[in-house]
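Below are the chains, spelled out letter by letter.
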Amino acid sequence: MIVGVPKEIKNNENRVAVTPAGVTEFVKRGHTVYVQKSAGEGSGFADESYEKAGAILLDSIEEVYAKAEMIVKVKEPIEPEYKLIREGQLVFTYFHFASSEALTQAMIEQKGVCLAYETVEKADGSLPLLIPMSEVAGRMAVQEGAKYLEKPVGGRGILLGGVPGVMPANVLIIGGGVVGTQAAKMAAGLGANVTIMDVNLSRLRYLADIMPANVRTMMSNEYNIREAVKTADLVIGAVLIPGAKAPKLITRDMLKTMRPGAVVVDVAVDQGGCIETCTPTTHENPTFVIDGVLHYCVANMPGAVPYTSTLALTNATLPYALRLADLGWREACLRSNELKLGLNVVHGKVVYKAVAEAFNLPYVPVEEVL
Ligand SMILES: NC(=O)c1ccc[n+]([C@@H]2O[C@H](COP(=O)([O-])OP(=O)(O)OC[C@H]3O[C@@H](n4cnc5c(N)ncnc54)[C@H](O)[C@@H]3O)[C@@H](O)[C@H]2O)c1
């Protein structure tokens, strides 16, 4: 298989879809890998390390798309990339089709094979290519929270772990899934007083078993949240209701009862946020203040740590990408239901029901294109 790795052109996207280590694996199996020059630069991988691993460097994105049978990338194609995708070309990347009709229409017109990271799904319902980014965002949430609690940037000036003789900060985490668990581990490690809330009692039982003694669990409900925010220094929003907007669990009137200079990090902002006052921000301008509470609501948190994010993402994507290269997309999807669920738009047909429903487009069962 001829594999192409273009440089990401979306604003501020520094990740790359294949590392030099990944190139080695493709080449070992007899595949050819074309990498666009400087594609790995933002993540700290120099062109020379790709060449050493056996990749062939190309000057332009046009050449990469023109030569490759399979394009592996990170973000959804944006407008200048649409026309580069050829009929029958496999594109393996995050697409998030349901949030863009223009992208969906463009991929239908280009007649490529769009296999989306975000809908690759294991038998237990977990999404193996979304988990790594939640792990990064969960851990980062505490790091950012700790930073913005510092006085010079507007926080209340409290150290998360306290010091001997001084109480640590109170960290409230709403949602005990991937993001919430990683955040709790980080906050606990720094010595904070941590409370995790979730509506899933089995999940709370599990967390209570594995977490250290400075992490407590609590049922998530309006009463408990209303009480807990009054004494919280840092609140991390980490809820997810799959396929739905995040519920607004912290309302404006609750915010008014919080300590001045407290910080809220709403990781769930990409699903609308679980804090009523949250609106999406960017890494250039990550925070704003409402009622004396500092809000951090960056929708692509992993973008700030491209080295870690690239490695975390490629650790998860590479085994799938290798399978696609070894077998071709059709055979790989016939043999693996996980990969089959990743097919969204194939040869101009929408084969993922939720995407068809989102834009009232005809839905074709995936079996018909295999
Ligand atoms: N901002 C970013 O850069 C970024 C990065 C990665 C993930 N995310 C987002 O973070 C959110 C969490 O992702 P995840 O991977 O941890 O999801 P997850 O499915 O692993 O966990 C979500 C948890 O929320 C719980 N929950 C649902 N309703 C609740 C409620 N009312 N109160 C308390 N808990 C509730 C669920 O029981 C589950 O345990 C998602 O919206 C995801 O898209 C954002």
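We now turn to the structure provided with this report. (Residues numbered from 1 in each chain as written. Predicted model: local features only at pLDDT ≥ 70, side-chain atom pairs only at ≥ 80, totals over all residues.)

## Quick word on the overall build of the protein chain
Within the protein chain, the secondary structure is distributed over 14 helices and 15 strands. Its C-alpha atoms give the protein chain a radius of gyration of 22 Å, within 12% of the compact-globule value 21 Å for 370 residues. Across its three principal axes, the protein chain shows a C-alpha extent of roughly 65 × 45 × 35 Å. Counting all 370 residues of the protein chain, 47% fall into the buried class. Long-range contacts, defined as pairs at least 24 residues apart, comprise 64% of the intrachain contacts of the protein chain with a sequence gap of at least 6. (Helix = DSSP H or I, 4+ residues; strand = E, 2+ residues; numbered from the N terminus. Rg over C-alpha atoms; globule rule 2.2 N^0.38 Å. Buried ≥ 20, exposed ≤ 12 C-beta atoms within 10 Å, placed from the backbone. Contact = placed C-beta atoms within 7 Å.)

## Structural notes on the sheet that holds strand β10 (residues 234-237)
If you walk across this open sheet you meet the seven strands as β9-β8-β7-β10-β11-β13-β12, and the pairing is mixed. Each having just a single partner strand, β9 (215-219) and β12 (287-290) make up the two edges of the open sheet. Going across the sheet, the axis of each strand differs from the next one's by a mean of 20°, ignoring polarity. As defined by bridge partners, β10 adjoins strand β11 (residues 263-266) across four bridges and the pair is classed as parallel. For Ile236, the partnering residue across the bridge sits in β11 and is Val265. (Pairing = 2+ DSSP bridges. Axes fitted to C-alpha atoms, helices over the stretch in contact; angles between N-to-C directions.)

## Some details on the site of the ligand
Residues in contact with the ligand amount to 32 residues; listed here are only the nearest, Ser134, Ala137, Gly177, Val179 and Ser220. A class-by-class count of the residues in the shell around the ligand yields 20 nonpolar, nine polar and three charged. (Near = placed C-beta within 6 Å. Nonpolar A, V, L, I, M, F, W, Y, C, P; charged D, E, K, R; others polar.)

## Here we look at the nonpolar core
Generally speaking, a soluble globular protein has its nonpolar side chains buried in company with each other. Of all hydrophobic cores here, the largest spans 116 residues; its most connected members are Val5, Met70, Ile173, Ala183, Ala187, Ile236 and Val267. At eight residues, helix α6 (residues 131-148) tops the list of elements feeding residues into this core. Each of domain 1 (2-120 + 306-369) and domain 2 (131-304) accounts for three or more of the residues forming this core. Aside from chain neighbours lying at most four places away, what touches Ala183 is Gly138, Arg139, Ala141, Val142, Ile173, Ile236 and Ala238. (Core = buried A, V, L, I, M, F, W, Y, C linked by C-beta atoms within 7 Å. Domains from an automatic or database assignment.)

## Regarding the sheet that holds strand β14 (residues 343-346)
Taken in spatial order, the eight strands line up as β3-β2-β1-β4-β5-β6-β14-β15 in an open sheet, and their pairing is mixed. Strands with a single pairing partner mark the edges of an open sheet, and in this sheet they are β3 (56-58) and β15 (349-350). Here strand β1 (residues 2-5) runs beside strand β4 (residues 70-72); their pairing, made up of two bridges, is parallel. Bridging from a neighbouring strand, Gly4 pairs with Ile71 of β4.

## Topic: unusual backbone geometry
The backbone phi angle of His96 is positive, close to 45°, even though this residue is not glycine. By the element assignment, His96 lies in the loop between β5 (90-93) and α5 (101-110). His96 gets classed as partly exposed once you count the C-beta atoms within 10 Å, which come to 17. Located in the positive-phi region is Asn360, a residue other than glycine, with phi close to 55°. Locating Asn360 in the fold gives a position in the segment after α14 (353-358).

## Details of the packing of helix α1 (residues 20-28) against helix α11 (residues 306-327)
Packing of α1 against α11 leaves a shortest axis separation of 11 Å and a crossing angle of 20°. Considering their axes alone, α1 and α11 lie roughly parallel with respect to each other. For the pair α1 and α11, the crossing hand works out as right-handed. Only Thr314, Leu318, Leu322 and Ala325 of α11 make contact with α1, whose side of the interface consists of Gly22, Glu25 and Phe26. Looking at side-chain class alone, the contact of α1 with α11 contains four nonpolar, two polar and one charged residues. (Parallel < 35°, antiparallel > 145°, perpendicular 65-115°, else oblique. Left-handed = near helix turned anticlockwise from the far one by under 90°.)

## Some points on the pairing of strand β2 (residues 32-36)
Counting buried positions over the five residues of β2 gives four, a clear majority of the element. Pairing between β1 and β2: four bridges, direction parallel. Across the sheet, residue Val3 finds its bridge partner in β2, namely Val33. Note that the unit made of β1, α1 and β2 has a crossover that is right-handed. When β2 meets β3, the two strands line up parallel, connected through three bridges. Opposite Gln36, over in β3, you have Leu58 as the bridge partner. Note that the unit made of β2, helix α2 (residues 47-52) and β3 has a crossover that is right-handed. (Right-handed = clockwise from strand over helix to strand, strands pointing away.)

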